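Here are the chains, one letter per residue:
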Amino acid sequence: MSEDDFTRLVEAEQRVEPRDWMPDGYRRTLIRQIAQHAHSEIIGMQPEANWISRAPSLRRKAILLAKVQDEAGHGLYLYAATETLGADRAELTENLINGRQKYSSIFNYPTLTFADVGVIGWLVDGAAICNQVPLCRTSYGPYARAMIRICKEESFHQRQGYELLMTMMRGTAQQRAMVQDAVNRWWWPSLMMFGPSDTESANTEQSMAWRIKRHTNDELRQRFVDMSVPQADALGVALPDPDLRWNAERDHYDFGEIDWAEFWRVVGGNGPSNRQRVAHRRKAHEDGAWVREAAAAYASRQEEVVA
Ligand code: FAQ
């Protein structure tokens, strides 16, 4: 397949598959984005895992445990998708724990109360769905197919978060205050998940041309705001933005300016929990060395038996 064939295939909305010819930049961009996505799923287990042992009932504990396990599964499908592009998974993990590859800024904020578990489900999984449903139509086949399953599970996650918050809002004044406090802390970081504004986004134009990204960062952020306002009303919480108001001319909600200095600080490794998150991942990786060695020894023994 030539470069022209590749361009025609992508423009005809067909899927690029692992054995097809592809430009080096396309391959590199996919590995970068999918690896960052996989790292986010794996690092994203930490803020919620913090509450598994302290969930207030057996039911809430079982739900949270299942959700955190789902995130591990998402990380694995996504690492497997990078392998179809020739990436080495062990190398990607090294890149994560050595700070050479990024993961989503959102997971560098601490989970201070159990209401944070509900708000992560509602807002963080909600933002993830907004961003990821269009990726089910991304041009690279293995990524698109992984996203279909991931989005189904993320929808369940979002609903469990919203249901937890509904329950807390029907509870005591103290529980309602906990939910509002969590919303105040997570709203702006959730908007940052969509990445820099379109004028600052280095990769969007090329990624849209290659049909890797299907919408710009600002388009998806606006979709998320429009979706979240009525949900906040139904829940009875206030979103912490004095500039948030319906704009009938645009047919969208206007919203305030994101603190981009904070965004870049967190992306640059200096958010509230960056060091703790990476140190924890590094320790888990080192503690798991014996499992990898044992699995490799077992696999080579099996090969000898077959031979
Ligand atoms: N955090 O040029 P762009 C989840 C970087 S959901 C950190 O606009 P691009 C589910 C970006 O990499 C979260 N870095 O980049 C879950 C680039 O740097 P580079 C993960 C960010 O790629 C829920 C630079 O800024 N979802 O895990 C962020 O075209 C609950 C310039 O930006 C995905 O990864 C950020 N927020 O657009 C799990 C979805 N934003 O690499 C557990 C797939 C930007 O050039 C619990 N990814 N950067 O050095 C995407 O859709 C895209 O990669 C974007 C960024 C939209 C995130």
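Caption draft 1: Quick peek at the side chain of T138. Within the element layout of this structure, T138 appears in the loop between α6 (115-132) and α7 (141-169). T138 sits in the buried class, given a relative accessible area of 0%. Polar side-chain contacts of T138 include one of 2.7 Å to the backbone oxygen of I212.

Caption draft 2: The arrangement of the pattern of salt bridges in detail. Considering all chains together, one arrives at 15 salt bridges under this definition. In this structure, the salt-bridge partner of R8 is D5, at a minimum N-O distance of 2.8 Å. Taken together, the positions of R8 and D5, both in helix α1 (residues 3-11) and 3 residues apart, correspond to about one turn of that helix. With a relative accessible area of 54%, R8 lands in the exposed category.

Caption draft 3: Expanded view of the site of the ligand. Taken together, 36 residues lie near the ligand, and Q36, K102, S201, K213 and N217 sit nearest. Separating a nitrogen atom of the ligand from a backbone N or O atom of S105 is a distance of 2.8 Å. Note that an oxygen atom of the ligand is positioned 2.7 Å from one of the side-chain N or O atoms of S201. When the ligand is considered free in solution it has 1,100 Å² of accessible area, and contact with the protein chains removes 92% of it. No other element matches helix α2 (residues 24-43), which puts 6 residues into the shell around the ligand.

Criteria and thresholds
Within each chain, residues carry numbers counting from 1 in the order of the written sequence. Per-residue local features are limited, in this predicted model, to residues with pLDDT of at least 70; the limit for side-chain atom pairs, both in listing and counting, is 80 or more; totals at the level of whole chains, interfaces and linings are taken over all residues. As a convention, hydrogens and water are excluded, and side-chain values are obtained from all of the structure's heavy atoms. Secondary structure elements are defined from DSSP: runs of H or I of at least 4 residues count as helices, runs of E of at least 2 residues count as strands, and each element is numbered from the N terminus. Type-normalised accessible area, obtained with a 1.4 Å probe on protein chains alone, sets the label of each residue: buried when under 20%, exposed when over 50%, and partly exposed for intermediate values. Counting of polar contacts relies on pairs of N or O atoms within 3.5 Å, with two restrictions inside protein: one atom must be capable of donating a hydrogen and the other of accepting it, and residues adjacent in sequence are counted only when both atoms are side-chain atoms. Counted as salt bridges are all cases of a side-chain nitrogen of Lys or Arg within 4 Å of a carboxyl oxygen of Asp or Glu. By convention in this text, a residue qualifies as near a molecule or strand provided that one of its non-hydrogen atoms is within 4 Å of it. For the accessible areas, the method is Shrake-Rupley and the probe is 1.4 Å, while residue cover comes only from the protein chains on display.

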